[in-house]
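Descriptive structure summary
Here is what each chain is made of, one letter per residue.
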Amino acid sequence: MNGLWFSGWRHVFKLDPDRELSDETLDRICTSGTDAVIVGGSSGVTFENIVDLMARIRRYEVNCALEVSTLDGAVPGFDGYFIPLVLNTNRAEWITGWQTEGLKEYGSFVPWEETAAQGYIILNAEATAAKLTEAQTELTEEELIAHIRMADRLMRLPVIYLEYSGRFGDMQLVKRARTAIAHAQLFYGGGIDNAEKARQAAEAAHTVVVGNIIYNDLDAALSTVAAVHEVAGGMYTR
Ligand code: 1GP
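Just so you know, these numbers come straight off a predicted model, no measurement behind them. (Residues numbered from 1 in each chain as written. Predicted model: local features only at pLDDT ≥ 70, side-chain atom pairs only at ≥ 80, totals over all residues. Heavy atoms only, no water.)

Digging into the overall build of the protein chain
A tally of helices and strands in the protein chain yields 9 helices and 8 strands. The C-alpha atoms of the protein chain give a radius of gyration of 16 Å, which matches the 18 Å a tight globule of 238 residues would have. Seen along its three principal axes, the alpha-carbon backbone of the protein chain occupies a region of about 45 × 45 × 35 Å. Pairs at least 24 residues apart make up 71% of the contacts formed inside the protein chain by residues separated by at least 6 positions. (Helix = DSSP H or I, 4+ residues; strand = E, 2+ residues; numbered from the N terminus. Rg over C-alpha atoms; globule rule 2.2 N^0.38 Å. Contact = heavy atoms within 4.5 Å.)

Thoughts on helix H3 (residues 92-106)
In an α-helix, one full turn covers 3.6 residues, which means residues spaced three or four apart are oriented alike. The end-to-end C-alpha distance of H3, which contains 15 residues, comes to 20 Å, matching closely the 21 Å that a straight helix rising 1.5 Å per residue would cover. Inspection of H3 places Trp94, Gln99 and Gly102 among the buried residues, and these make up the whole buried set. The inward-facing, buried residues of H3 abut strand E4 (80-86) and helix H4 (128-133). (Expected span 1.5 Å × (residues − 1). Buried < 20%, exposed > 50% of the residue type's maximum accessible area, 1.4 Å probe, protein only.)

Here's the deal with the site of the ligand
Lining the immediate surroundings of the ligand are Lys14, Tyr161, Glu163, Ser165, Gly166, Gly189, Gly190, Gly191, Val209, Gly211 and Asn212. A distance of 3.4 Å separates an oxygen atom of the ligand from a polar atom in the backbone of Gly190. Contact distances for the ligand include 2.8 Å between an oxygen atom and a backbone N or O atom of Gly191. Its free accessible area being 300 Å², the ligand has 90% of it covered by the protein chains. Considered class by class, the residues forming the shell around the ligand number 2 nonpolar, 7 polar and 2 charged. (Near = heavy atom within 4 Å. Polar contact = N/O pair within 3.5 Å; in protein donor to acceptor, adjacent residues only side chain to side chain. Areas by Shrake-Rupley, 256 points an atom, 1.4 Å probe, with all protein chains shown as cover. Nonpolar A, V, L, I, M, F, W, Y, C, P; charged D, E, K, R; others polar.)

Here's the deal with the packing of helix H5 (residues 141-154) against helix H6 (residues 171-179)
For any two helices packed against each other, one specifies the inter-axial angle together with the distance between the axes. Direction vectors running N to C along H5 and H6 enclose 40 degrees, while the axes themselves pass 9 Å from each other. Comparing their axes, H6 and H5 come out oblique. Considering how the two elements wind past one another, H5 and H6 form a crossing that is right-handed. In this structure, H5 contributes Glu141, Leu144, Ile145 and Ile148 to the contact, and H6 contributes Leu173, Arg176 and Ala177. (Axes fitted to C-alpha atoms, helices over the stretch in contact; angles between N-to-C directions. Parallel < 35°, antiparallel > 145°, perpendicular 65-115°, else oblique. Left-handed = near helix turned anticlockwise from the far one by under 90°.)

Below you can see the structure in the form of structure tokens.
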């Protein structure tokens, strides 16, 4: 893989700082055997609710990263930081605009060794992130592959994130996207609500992100950990 701090991650739970999570649920998530917990969300994210959630996760040994998606959401104390760049939007502020604003303010404090850009390609028009960023979600396969090559070959982004948040995506398309990648680590997220979907996603992408189901059916969410690890054990050597 790429030798970066997240390169071994196959299964990730994504927790939304704007949603309630009991101590018991958090305990089961953090001790589930997942490779990491990512804190991130598309709305209602504040410095305070990120700090609160981070402090609770920090009681556990699990890797914990923050997806920084707002200017005041850069909270110190995580193991790693992801900076999303939305690639399939015409709104420049979501590609490099807000990110540059953030660097104007916090650029001297960024822990660069533990910070990585994510090239987001949002493919579900109903996702909050798609609406917020006015993402062009209806991509043909040819257009998707062009975005992949832009991210992977030209921009050399370490992560490409195919985001279907809220809906299970087209795994054949995800697989074809993966085969077009030479360097980046492919994250897939969206609509994984059982072990079978987790298994399919693990066969298609390098890293599988499970979010919403944590809040609706914890046992189903927990079942995705073993499903991904069964598929992913030694599958990718790059
Ligand atoms: C959201 O990709 C993640 O950013 C996971 O999606 O919430 O649909 O599981 P779900």
